[in-house]
Amino acid sequence: MPVRPQHTHNGGIVERRLRPIYDWLDNGNNKKALQEAEKVLKKSPSLQAARALKALAMFRLGKGLEAHAVLQALADEKPSDDTTLQAMTILYRESQQFMKVCELYEAAVKAEPTSEELHSHLFMSYVRVGDYRAQQRSAMALYKIAPKNPYYFWVVMSVVLQAKTAEDSTKKGILLSLAQRMVDNFISDNKMEAEQEARLYIMILELQEKWEDILNFIEGPLYPQFVPGSTAQACIPYLKKLGQWQRLNLLCKDLLWDNQDRWDYYLPYFDSVFQLLKNDCDADNTADDSAEKCHEFICQLVESMSSGRTLRGPYLARLELWKRLSVDGDPTELLGSGVALCIQYLRVFASKSCAVPDLKTYLAMIPQKVREDSCRDFLTCLGYDENSEPESIDDIQRHISCLCAWRLTSPLGTAEEYLAVATTLRKQYLRCASRGLVTATQTEYCAADGYGTLAAHHYFYAAIQQQNAAPIVEALCLLELVLHNSPSNVHVKLLMITLYHVLGNAVAAESIYLRLEPKHIQLVSLGWLHAARCAPALAHARALRLLADAHVFHKHYAKESVEHLTYAYKYGTFEKLVELSAWAERLGACAWCALAGRERALLPLLAGPPAPMHAPARLPHPPVDNRDLNAIISWEPPQCADPDLKARTFDQDVAYLRLKDGLVSSIALCIECSDSRSVEEKRAQLEELQACIEAFSCAMEKCREKYSSAPTRLCISAPFPSRIIAFVSSPVPYRDLYSSVLTMVCELCSGDGVRGRESAEKLRGLLMSSRQQLDKVPSTNAWGLRESLETFSNYLEFIGVITFLLGVCNELTAPTNTKKSKKKTNQSPDQILTMELLSKLNDDVQDTISFLEDIFEKWPTYNYALNIEDELAKLEISSKYQCPVEQKLKNGLHEMLADVKNILKKKSKYLKTLQ
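Bear in mind that the values here come from a model prediction, so they are computed numbers and not experimental data.

## Looking at a positive patch on the surface
Then step 1. Judged by side-chain charge, Lys32, Lys39, Lys42 and Lys43 come together as a positively charged surface patch.
Then step 2. Following the sequence through the fold, lysine 42 ends up in helix H2 (residues 30-43).

Put into structure tokens, the structure is as follows:
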């Protein structure tokens, strides 16, 4: 029989005794909480809640086994009081044992079968484990006890989720029909009460593609009661599905008369116009079935705007009409030139920072020659030119909008032209700074910042053409000043991170990255910007920290998001359940998170101490690209746009991920095969290791053929060239190096000393030849530093791997006598030969490390000339502000070199202990 709750104490007394335990747990003082719980248990040894809280405190103190022993004893008593159950639930959730929570509440519900609260907790426990069938049963039992609408719709949603995850289309259809009948019964009984219940019904009909039924429901008497005033808007997607273009056209026109700035109404309106035009339907006279009628309607909207209230929607609508007409014909007869429309839009809205981003897609539709011939018109349309000196904030924003539009439409220039424009823009910003026109606050930035960011772009374009770091340094100096005045300007921070990485300085980039304060999903969406660039810039310690952040977020997001699912049920937001599930699935398959996990396993082999390595989880199939490549605004002309950039770079990153996965899997198998089991006992793992090595070698060769000649153009708003390009196109034979060292370990683990020594001999020769490829790598020019560091990053990673695997080989072949014992264990001639060869290989690796130490000891220094300081000296701000760029670059390089030299010393010291 289950143990009933303890009733020997007055409830108030129990609560008063437990309160200090809760307080200490909430404050994070688990040691005090444990002491307080033991005090309570001395007086009341059988008090279940105190025992549960004691177990929670023990678990948080790292006493997991003892905590679970206490918890198991409690679970055997089958408690049913809420205080005890909640404390046990927290512990099970923190230890990721969600099924235990289900068992806990199943027992509690049997003890208290009429408790609404316990049934509700049981349902939520099934939500956390994603058992939709059990959810349905528990929600139905809950509804029978307490017939409330939310519980009934919990049942319906559980059925819908079963249908969404069903692979059999017949089963899916049956489940959706069941869910629809359940809601139909509720509607016929007039029991529907809330908006979310209506939305769930629409979701069910959508999954069955019953568009007509959805439309009838929305236009019926029930939906407007729950969502008043949104019936017309809700009909739009379903009218499109049904192809009722005339009706959609009239509906959107009515909506636009009252909401002239709603872009989500303009797009279906245009869809209906062009469908009616294409189908040549006999439309109602009031429907717009031609481009002329559409244009007339838009003009009426423009004219109807009250004075002083200018909306972007109607003006953008004319551009959208021009864009759609230009796909299959010439719209100039009806609308005039696209350039004139864009210039008109710029004249009206140049005071808004969104004006030029609005125009970008339409500028791309204008033929390149026409666009370039008219570029000066964009600059001068408001009476400005590049040398104008506006004095008000609105005029500054208008000037910047004109400059940005000019940049987007101008032909490509020379480095000298870019530098001239950049210098002019820099002077504009410094003028604003000296005259007090920089009005940024701690939370908002100002219009004048645009001069600085646009100047930085022009410096970058010049640097690319000249292959020279000096313009990048000038850009960074200006951006540091902009950030000093506008500390919240995220666009400046993103630009600076990119530019510091262009110079190969991850330490300086991190100083800005920390000011971004990226959190949660930004660790994933912006991982390409900084975290992925730290390791190739030899900032290993920083790379490990950032990769750990991304890995921990990826690992624990499921635990956190599962609580969001329970909240969605509690508040009846059923649409969010689908969104949360899709988000969790997308994040679970994230390619960057998978790579972060593997990099995090490999990097400690170099920057140690090595963590225990296990075979990695299987790669997601297919991996998902969660990068946000629109974070940095680009002002490159449309002809420079690369429509395949995202897909191509993702394909390269996935190939690199697969190589890293093969490498980590091989090393993990080497560790597993190096234990003391007999060869027969580990035969399966040895065969798997051999297959892994062969697959890695073949993949390396295919990647070399495919990616070694891949384009590596630098773009300020795009990721740097994928690491796979430098890896597979390197003259250092990484394919043979990795295959040889892994094969050597595999042969030694299988007891084949002869073949193991052959691989070791081959590896010695490869090591010697690889050193010759690195002699001239360090660039004497600051521009080449990034590529030089990436070259050494790949080689140092191999040094980390071979050093670690030599330690594995040492454990395999070394005699089992004590450290300094004079007695030597008898060894076979084969073992002696193997040990001698491994000792020679060890010497070769140490020689290679010495070779690398010499390179880093003689690493060239770089001169970062700063022209901006002369201009700063003329301004009043010079006494308050010192440009930190030069110091950051020097400190970053010094810190990187010191870290690498320290790592190499540690590796050399470790290798000596193996001899």
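From this point, the narrative continues.
## Examining the packing of helix H21 (residues 355-363) against helix H24 (residues 393-409)
Then step 1. The contact between H21 and H24 brings their axes to 10 Å, and the two run at 20°. What the angle tells us is that H21 and H24 run roughly parallel. Pair H21 / H24 crosses with right-handed handedness. Across from Ala355, Val356, Lys360 and Leu363 in H21, the residues of H24 making contact are Ser401, Cys404, Ala405, Leu408 and Thr409.
Then step 2. Classifying every residue of the contact of H21 with H24 gives 6 nonpolar, 2 polar and 1 charged.

## Side note on the pattern of salt bridges
Then step 1. Going through the model one piece at a time under the given rule, you end up with 50 salt bridges.
Then step 2. A salt bridge links arginine 755 to glutamate 747, with the shortest nitrogen-to-oxygen separation between them at 3.7 Å.
Then step 3. Overall, arginine 755 belongs to the partly exposed group, its relative accessible area being 46%.
Then step 4. One salt-bridge network, held together by shared partners, links Lys240, Asp271, Glu320 and Arg324.

## A short note on the nonpolar core
Then step 1. Among the nonpolar cores identified, the biggest contains 280 residues, and Val156, Tyr429, Tyr569, Ile667, Leu805 and Trp859 are the most heavily contacted of them.
Then step 2. Broken down by element, the residue count for this core peaks at 14 residues, all from helix H40 (residues 785-813).
Then step 3. Ignoring sequence-local partners within four residues, the contact set of leucine 805 consists of Ile667, Cys670, Val741, Leu742 and Val745.
Then step 4. Judged by nonpolar contacts, the second largest core, of 37 residues, contains Ile21, Ala49, Leu74 and Met88.

## Digging into the side chain of threonine 409
Then step 1. Inspection of the secondary structure assignment puts threonine 409 in helix H24.
Then step 2. In this structure the side chain of threonine 409 is engaged in a polar contact, spanning 2.9 Å, whose partner is the backbone oxygen of alanine 405.
Then step 3. Excluding anything up to four places from it in sequence, threonine 409 contacts Leu363, Arg371, Glu372, Cys375 and Phe378.

## Brief notes about unusual backbone geometry
Then step 1. Each neighbour pair has its own omega, and for histidine 621 with proline 622 the value is -10°, a cis peptide bond.
Then step 2. Within the secondary structure, proline 622 sits in the loop between helix H34 (591-607) and helix H35 (645-673).
Then step 3. Even without being glycine, leucine 538 reaches a positive phi, approximately 65°.

## Quick look at the side chain of threonine 848
Then step 1. Counting through the fold element by element, threonine 848 comes out in helix H41 (residues 829-857).
Then step 2. Threonine 848 sits in the buried class, given a relative accessible area of 0%.
Then step 3. Those residues in contact with threonine 848 that lie beyond four places of it in its chain are Leu767, Arg771, Tyr795 and Ile799.

Conventions we followed
- Every chain's residues receive numbers from 1 upward, in the order its sequence appears when written.
- The predicted origin of the model limits local features to residues at a pLDDT of at least 70 and limits the giving and counting of side-chain atom pairs to 80 or more, whereas totals for whole chains, interfaces and linings rest on all residues.
- To obtain the side-chain values, all non-hydrogen atoms of the structure were included, while hydrogens and water were left out.
- Within this analysis, patches are made of residues with over 30% relative accessible area and no salt bridge. Like charges are joined at 9 Å or less; nonpolar side chains (Val, Leu, Ile, Met, Phe, Trp, Tyr) at 5 Å or less.
- Here the Shrake-Rupley method, with its probe set to 1.4 Å, supplies the accessible areas, and only the displayed protein chains count as covering residues.
- Here, a salt bridge means any side-chain nitrogen of Lys or Arg that lies within 4 Å of a carboxyl oxygen of Asp or Glu.
- The convention is simple: Lys and Arg are positive, Asp and Glu are negative, and His and the chain ends are not counted.
- Charge positions are represented by NZ for Lys, CZ for Arg, CG for Asp and CD for Glu.
- By the criteria applied, helices consist of DSSP H or I runs no shorter than four residues and strands consist of E runs no shorter than two, each listed in order from the N terminus.
- Axes here refer to lines fitted to C-alpha atoms; in helices the fit is confined to the stretch in contact. Angles between the N-to-C directions go from 0 to 180 degrees.
- Roughly parallel covers angles under 35 degrees, roughly antiparallel covers those over 145, roughly perpendicular covers 65 to 115, and oblique covers all other angles.
- By the definition used in this description, the sense in which the near helix is turned from the far one sets the handedness, with an anticlockwise turn below a right angle giving left-handed and a clockwise turn giving right-handed.
- Contacts are assigned to residue pairs with any non-hydrogen atoms lying within 4.5 Å of each other.
- Charged residues are taken to be Asp, Glu, Lys and Arg, nonpolar residues to be Ala, Val, Leu, Ile, Met, Phe, Trp, Tyr, Cys and Pro, and polar residues to be all remaining types, Gly included.
- Exposure classes here rest on a 1.4 Å probe applied to the protein chains alone. A residue is buried below 20% of its type maximum, exposed above 50%, and partly exposed in between.
- By convention a nonpolar core is built from buried Ala, Val, Leu, Ile, Met, Phe, Trp, Tyr and Cys residues, the set being connected through side-chain atoms within 4.5 Å.
- Polar contact criterion, stated in full: a pair of N or O atoms within 3.5 Å, where within protein one must be able to donate a hydrogen and the other to accept it, and residues adjacent in sequence count only if both atoms are side-chain atoms.

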